[in-house]
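One-letter residues, chain by chain:
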Amino acid sequence: MTTDGTPEPVDALRRLDDPDFPALTMSQAAALLGVQAAFLRSLDGSGVLQPHRSPGGHRRYSRHQLVLAARLRGLLDEGHTLASAEVILGLQDELADERATTARLRDAVDRLRSGQDGDPQPA
């Protein structure tokens, strides 16, 4: 921090690498996603996406939130309701997490087997 309490320029730029840092205004987020601001407001109003608020009350979006909004938009464009799109996203995320866990466990098993003397045991 500088003597006046503002973040150092390097620290401020580092925050932009944080996918959860609310760096984008509603109009910037809408432009990046190719949607109307009303779409983002509707996601906020329904509680699906809760943007950060600036001290003045303006919505601020993170990259993580934009990814979520884009995924929702895709499912809505396919004809899903918002409620079903939320469920689908949740299940997709759970599946991705479980696949990552499975891959980590397989890697651990492979490392253990390769460290043993003799032939690896069949799976």
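The structure under discussion appears in the preceding block.
This is a predicted model, so every value here is computed, not measured.

Colleague: Explanation requested: the overall build of the protein chain in the structure shown.
Modeller: Scanning the protein chain for helices and strands turns up five helices and three strands. For the protein chain, the α and β elements follow one another from N to C terminus as α-β-α-α-β-β-α-α. When contacts within the protein chain are restricted to residue pairs at least 6 apart in sequence, long-range pairs at least 24 apart make up 44% of them.

Colleague: What's the story with the nonpolar core in this structure? I'm lost.
Modeller: Soluble, globular proteins show a tendency: their nonpolar side chains are buried together. If you look at the biggest cluster of nonpolar residues, it comprises 17 residues, and the most contacted ones within it are Leu40, Leu43, Leu49, Tyr61 and Leu72. Every element with two or more residues in this core is listed here: helix 2 (26-33), helix 3 (37-46), helix 4 (63-77) and helix 5 (82-114). For Leu40, the contacting residues outside a window of four places in its chain are Met26, Ala29, Ala30, Leu33, Val35, Leu49, Tyr61 and Ala69.

Colleague: Mind showing me how you'd approach the side chain of Gln65 here?
Modeller: Among the structural elements, Gln65 can be located in helix 4. Looking at Gln65, the relative accessible area reads 8%, which means it is buried. The residues contacting Gln65, other than those within four sequence positions of it, are Leu49, Gln50, Pro51, His52 and Arg60.

Colleague: I would appreciate a short explanation of the pattern of salt bridges in the present structure.
Modeller: Two side chains of opposite charge can pair, provided their charged atoms sit close to one another. According to the stated counting rule, one finds four salt bridges in the structure shown. Taking the shortest distance from any N to any O, the salt bridge between Asp44 and Arg53 comes out at 2.9 Å. In this structure Arg53 comes out as partly exposed when scored by relative accessible area, which is 47%. Here Asp44 and Arg59 are joined by a salt bridge, their closest N and O atoms 2.8 Å apart. Residue Asp44 is located in helix 3, and its partner Arg59 is located in strand 3 (residues 59-61); the two are separated by 15 residues in the primary sequence. On the basis of relative accessible area, Asp44 is assigned to the buried category, the value being 16%. Each of Asp44, Arg53 and Arg59 takes part in a single network of salt bridges with overlapping partners.

Colleague: Before we go on, may I ask you to explain the sheet that holds strand 1 (residues 24-25) in this structure?
Modeller: Backbone-to-backbone hydrogen bonds join strands into a sheet, with any given pair of strands oriented parallel or antiparallel. The strand order across the open sheet formed by three strands is 1-3-2, and the pairing between neighbours is antiparallel. Bordering the open sheet on either side are strand 1 and strand 2 (52-53), each of which pairs with just one other strand. Of the pairings in the sheet, the one linking strand 1 to strand 3 comprises two bridges and is antiparallel in character. Paired with Leu24 across the two strands is Tyr61, which belongs to strand 3. Strands strand 1, strand 2 and strand 3 of the sheet are contacted by helix 4, whose axis makes an angle of about 85° with strand 3.

Colleague: I'm lost on helix 4 in this one. Help?
Modeller: What sets the pattern is the α-helix's 3.6 residues per turn: residues three or four places apart point alike. Between its first and last C-alpha, helix 4 extends 21 Å over 15 residues, near the 21 Å set by a 1.5 Å rise per residue. Within helix 4 the residues assigned to the buried category are Gln65, Leu66, Ala69, Leu72 and Leu75. Of the surrounding secondary structure, the elements contacted by the buried residues of helix 4 are strand 1, helix 2, helix 3, strand 2, strand 3 and helix 5.

Cut-offs used in this document
- Residues numbered from 1 in each chain as written.
- Predicted model: local features only at pLDDT ≥ 70, side-chain atom pairs only at ≥ 80, totals over all residues.
- Heavy atoms only, no water.
- Helix = DSSP H or I, 4+ residues; strand = E, 2+ residues; numbered from the N terminus.
- Contact = heavy atoms within 4.5 Å.
- Core = buried A, V, L, I, M, F, W, Y, C linked by side-chain atoms within 4.5 Å.
- Buried < 20%, exposed > 50% of the residue type's maximum accessible area, 1.4 Å probe, protein only.
- Salt bridge = Lys/Arg side-chain N within 4 Å of Asp/Glu carboxyl O.
- Pairing = 2+ DSSP bridges.
- Axes fitted to C-alpha atoms, helices over the stretch in contact; angles between N-to-C directions.
- Expected span 1.5 Å × (residues − 1).

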